[in-house]
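# Reading the structure
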Amino acid sequence: MENIRIPEKGLEYKQVLEIMRGYKKDDANYKDSKTWSLVYYLGEEYTQFLKDAYTLFFSENALNPIAFKSLKQFEAEVIRMTANMLNGNENVVGTMTSGGTESCLLPVVTYRDFAKAKRKIWIKKPEMIAPESIHVGWEKAAHYFGVKMRHVPLDSTRRADAGAIEKLINKNTILIVASAPTYPHGVVDPIEDIGAIALKHNIPFHVDSCLGGFLLPFVEKLGYPVPKFDFRVPGVTSMSADVHKYGFAAKGASTILYRNMDYMKYQIYVYTEWPGGIYAASGLLGTRPGGAIAAAWAAMNALGQDGYLERARITMDTTKKLIAGIRSIPELEVVGTPHMSVFAYGSRSKKVNIYAVGDQMEAKGWNIDRVQKPMALHAMVTPLHERVADKYIADLKESVEYVKSHPALATKGNAALYGVVANIPFRGMVKKNVQKMIEEMYGKDGKIPGTGAEEDEPLVMKIASRLLTYIGRFKV
Ligand SMILES: *Cc1c(COP(=O)(O)O)cnc(C)c1O
């Protein structure tokens, strides 16, 4: 990237906005429902409404809830509404956070300090237990806060093995986490079984419902079989639910709920000796954007329970249609037994490389994430996917046929690269190269993979860039 400086003389507002619009041209296309992750879009009119709500509180700062009582009121109401939706009683308390990841980070600190305060014995090496399918945000939390992550394997339906969790409990265990549902496969872990184990051993148990918190309650109301996953389960001590996913809020809005203040109090940070004054914070951030909090409140009030229910109905009808379509293709299979509108599907045929199918779908204009363990394509279904479901399945059938009749595709191009990364036994090497890629992206040349001279990119870098669900998907 050229050595850009702040312009000597400021540009006209209009000109600035024009340049910015130009930057959008290579972005993922979500407005035409071509994108199957990252964006929860309900159309222009609704988006305009969210923007209006956001801008009403654009400059307000929730760092100080006493200065902006409006924001404290919104936050309190969002937490109350979410607690009721998740069947919590009046003792349930919580905070809004900047997103799902903050909602994964904070409970680890909270329960680490809860354990230190409550246990008679000194915990030198705190540990937490989670299924392999737990969201990567929890791995990050364990890494950041010096808590050892202990994984339990998944059964054939891709649910956590509750018995294996019990076997890993020891005197250092500060927390058990499971998902409702998991991000990779959309499967609800056996929350009731895990809750019973957590109660028996007196270990806190957090249910990560970042993805499903605002959808599963309505899926259940529609009559689908949803295993109990919320505060009705006695051992559950806390939950997280993202308003910026199926709550259809503006980005930057999630919630953490604790069964009562006895747990939540360990999330609060206070420092009294700072020359700047006495400081207290309920979460990770200092300055907190008022807009995100206001827009979350606006979304919940504008959609209402009837709005969420109707969108859940459309989302689930569309999901059923997509899954039936995938099951009608003999070479494909859905991974595990998804409980809502997020799922992965792989290949059951040696002749069909699923990543090669992904390449064909991409050539047809779809933005689809690849997942690994097992190799599969991923779909996060939203209401507006209803209008493209038939086309998606038709394109998928064509793509599978094409890959079947061109077996060399699996050993070429992107499919081969993905396959190598998913299966390469040298995980350390993969890690090193991904690290290097990010260093290059943020380094002095600020290189965005796939936008420069592609021949220059080392093979393994190209490979790595393709599997980065969370940092981005780049054309190589
Ligand atoms: C999305 C997600 C998160 C993390 O949320 P972000 O908002 O992306 O930070 C955590 N857990 C689960 C299950 C998720 O689906």
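### Thoughts on the overall build of the protein chain
A tally of helices and strands in the protein chain yields 15 helices and 13 strands. Relative to its length of 476 residues, the protein chain is compact, with a C-alpha radius of gyration of 23 Å against a globular reference of 23 Å. With the C-alpha coordinates of the protein chain rotated into their principal frame, the extents come out at 65 × 65 × 45 Å. Looking at the protein chain as a whole, 51% of its 476 residues qualify as buried. Separation between the mean location of the 61 positive side-chain charges and that of the 51 negative ones in the protein chain comes to 5 Å.

### Overview of the nonpolar core
Soluble globular proteins: nonpolar side chains tend toward being buried together. Core analysis: the biggest nonpolar cluster contains 68 residues, and Ile176, Ile191, Phe205, Phe229 and Tyr246 have the highest contact counts within it. Filtering out sequence-adjacent residues up to four positions away, isoleucine 176 remains in contact with Ile129, Ile165, Ile169, Ile194, Ala198, Ile203, Pro204, Phe205 and His206. Of all hydrophobic cores here, the second largest spans 30 residues; its members include Ile329, Phe343, Ile368 and Ile393.

### Quick notes on the pattern of salt bridges
Tallying each qualifying case throughout the model produces 19 salt bridges. In this structure, glutamate 44 and lysine 31 form a salt bridge, with 3.5 Å as the shortest nitrogen-oxygen distance. Residue glutamate 44 is located in helix H2 (residues 44–56), and its partner lysine 31 is located in the loop between helix H1 (13–23) and H2; the two are separated by 13 residues in the primary sequence. A salt bridge links aspartate 113 to arginine 112, with the shortest nitrogen-to-oxygen separation between them at 3.1 Å. Each of Lys72, Glu75 and Arg288 takes part in salt bridges that share partners, so that together they form one network.

### Let's talk about the confidence of the model for the protein chain
Predicted coordinates in areas of low pLDDT are best not read in detail. Looking at the protein chain, the pLDDT average stands at 92 and 93% of residues meet or exceed 70. Throughout residues 469–476 the model reports pLDDT below 50, and contacts reaching past four residues in sequence, or to other chains, amount to 30 contacts.

### Quick notes on the environment of lysine 9
Within the secondary structure, lysine 9 is located in the segment before H1. Owing to a relative accessible area of 71%, lysine 9 belongs among the exposed residues under this scheme. Here the alpha-carbon distance between lysine 9 and methionine 316, two residues 307 residues apart in the chain, equals 53 Å.

### Things to note about unusual backbone geometry
Residue proline 181 is reached from alanine 180 by a cis peptide bond, and omega for that bond is -5 degrees. Mapped onto the elements of the fold, proline 181 is located in the loop between strand E4 (173–179) and helix H7 (191–201). The omega angle of the peptide bond from lysine 373 to proline 374 is 0 degrees, so this bond is cis rather than trans. Position of proline 374 relative to the elements: it lies in the loop between strand E12 (370–371) and strand E13 (376–380). Even without a glycine there, the phi angle at serine 33 is positive, about 60 degrees. Following the sequence through the fold, serine 33 ends up in the loop between H1 and H2.

### So, the packing of H2 against helix H10 (residues 290–327)
Contact pair H2 / H10: the axes reach a minimum separation of 8 Å and the direction vectors enclose 135 degrees. With respect to H10, the element H2 is oriented oblique. Remark: the crossing between H2 and H10 carries right-handed chirality. Touching Tyr46, Phe49, Leu50, Ala53 and Tyr54 of H2 are Gly291, Ala292, Ala294, Ala295, Ala298, Ala299, Ala302 and Leu303, all from H10. Within the contact of H2 with H10, the residues separate by chemical class into 12 nonpolar, one polar and no charged.

### A look at the site of the ligand
Residues in contact with the ligand amount to 13 residues; listed here are only the nearest, Gly100, Thr101, Asp208, His244 and Lys245. Separating an oxygen atom of the ligand from a side-chain N or O atom of threonine 101 is a distance of 2.6 Å. Separating a nitrogen atom of the ligand from a side-chain N or O atom of aspartate 208 is a distance of 2.7 Å. For the ligand, whose unbound accessible area comes to 380 Å², protein coverage reaches 90%. At three residues, the largest contribution of residues to the shell around the ligand is made by helix H4 (residues 100–118). Partitioning the shell around the ligand into residue classes produces five nonpolar, five polar and three charged.

### Things to note about the domain arrangement of the protein chain
One can read the domain layout of the protein chain as domain 1 (54–299) and domain 2 (424–474). Taken over C-alpha atoms, the centre of domain 1 sits 31 Å from the centre of domain 2.

### Considerations on the side chain of serine 341
As for its position among the elements, serine 341 is in the loop between strand E10 (332–334) and strand E11 (342–347). For serine 341, a relative accessible area of 0% corresponds to the buried category. A distance of 2.8 Å separates a polar atom in the side chain of serine 341 from a polar atom in the side chain of tyrosine 246. Among all residues touching serine 341, those that are not within four sequence positions of it are Leu215, Tyr246, Thr315, Met316, Thr319, Ala379, Met380 and Val381.

### A word on the sheet that holds E12
If you trace the four strands from one edge of the open sheet to the other, you get E10-E11-E13-E12, paired in antiparallel fashion. Both edges of this open sheet fall to E10 and E12, since each of them pairs with a single strand only. In the sheet, E11 pairs with E13 via four bridges, with the strands oriented antiparallel. Each bridged residue has a counterpart across the sheet, and for phenylalanine 343 the counterpart in E13 is alanine 379. Relative to E11, H10 is tilted by about 5 degrees, and along the sheet it contacts E10 and E11.

### Some details on helix H11 (residues 354–363)
Burial analysis of H11 places nine of its 10 residues in the buried class, which makes it a mostly covered element. Looking at H11, one finds that the buried residues are Ile354, Tyr355, Ala356, Val357, Gly358, Asp359, Gln360, Met361 and Glu362. Taken from the residues just after H11, glycine 365 is the one with a positive phi, measuring 100 degrees.

### Observations regarding the pairing of strand E2 (residues 127–131)
Among the five residues of E2, five are classified as buried, and the element is accordingly described as predominantly covered. Residue alternation in E2 divides its side chains into two sets, Glu127, Ile129 and Pro131 and Met128 and Ala130, and both sets are buried. Bridge count for E2 against strand E3 (residues 148–152) is five bridges, and the pairing is parallel. Bridging across to E3, glutamate 127 finds its partner in lysine 148. At this point the chain moves from E2, through helix H5 (residues 136–145), to the parallel E3, and the crossover so formed is right-handed. Summarising the sheet, E2 and E4 pair through three bridges and their orientation is parallel. Paired with glutamate 127 across the two strands is threonine 173, which belongs to E4.

What counts, and at which threshold
Residues numbered from 1 in each chain as written. Predicted model: local features only at pLDDT ≥ 70, side-chain atom pairs only at ≥ 80, totals over all residues. Heavy atoms only, no water. Helix = DSSP H or I, 4+ residues; strand = E, 2+ residues; numbered from the N terminus. Rg over C-alpha atoms; globule rule 2.2 N^0.38 Å. Buried < 20%, exposed > 50% of the residue type's maximum accessible area, 1.4 Å probe, protein only. Lys, Arg positive; Asp, Glu negative; His and termini not counted. Charge placed at Lys NZ, Arg CZ, Asp CG, Glu CD. Core = buried A, V, L, I, M, F, W, Y, C linked by side-chain atoms within 4.5 Å. Contact = heavy atoms within 4.5 Å. Salt bridge = Lys/Arg side-chain N within 4 Å of Asp/Glu carboxyl O. pLDDT = per-residue confidence, 0-100. Axes fitted to C-alpha atoms, helices over the stretch in contact; angles between N-to-C directions. Parallel < 35°, antiparallel > 145°, perpendicular 65-115°, else oblique. Left-handed = near helix turned anticlockwise from the far one by under 90°. Nonpolar A, V, L, I, M, F, W, Y, C, P; charged D, E, K, R; others polar. Near = heavy atom within 4 Å. Polar contact = N/O pair within 3.5 Å; in protein donor to acceptor, adjacent residues only side chain to side chain. Areas by Shrake-Rupley, 256 points an atom, 1.4 Å probe, with all protein chains shown as cover. Domains from an automatic or database assignment. Pairing = 2+ DSSP bridges. Right-handed = clockwise from strand over helix to strand, strands pointing away.

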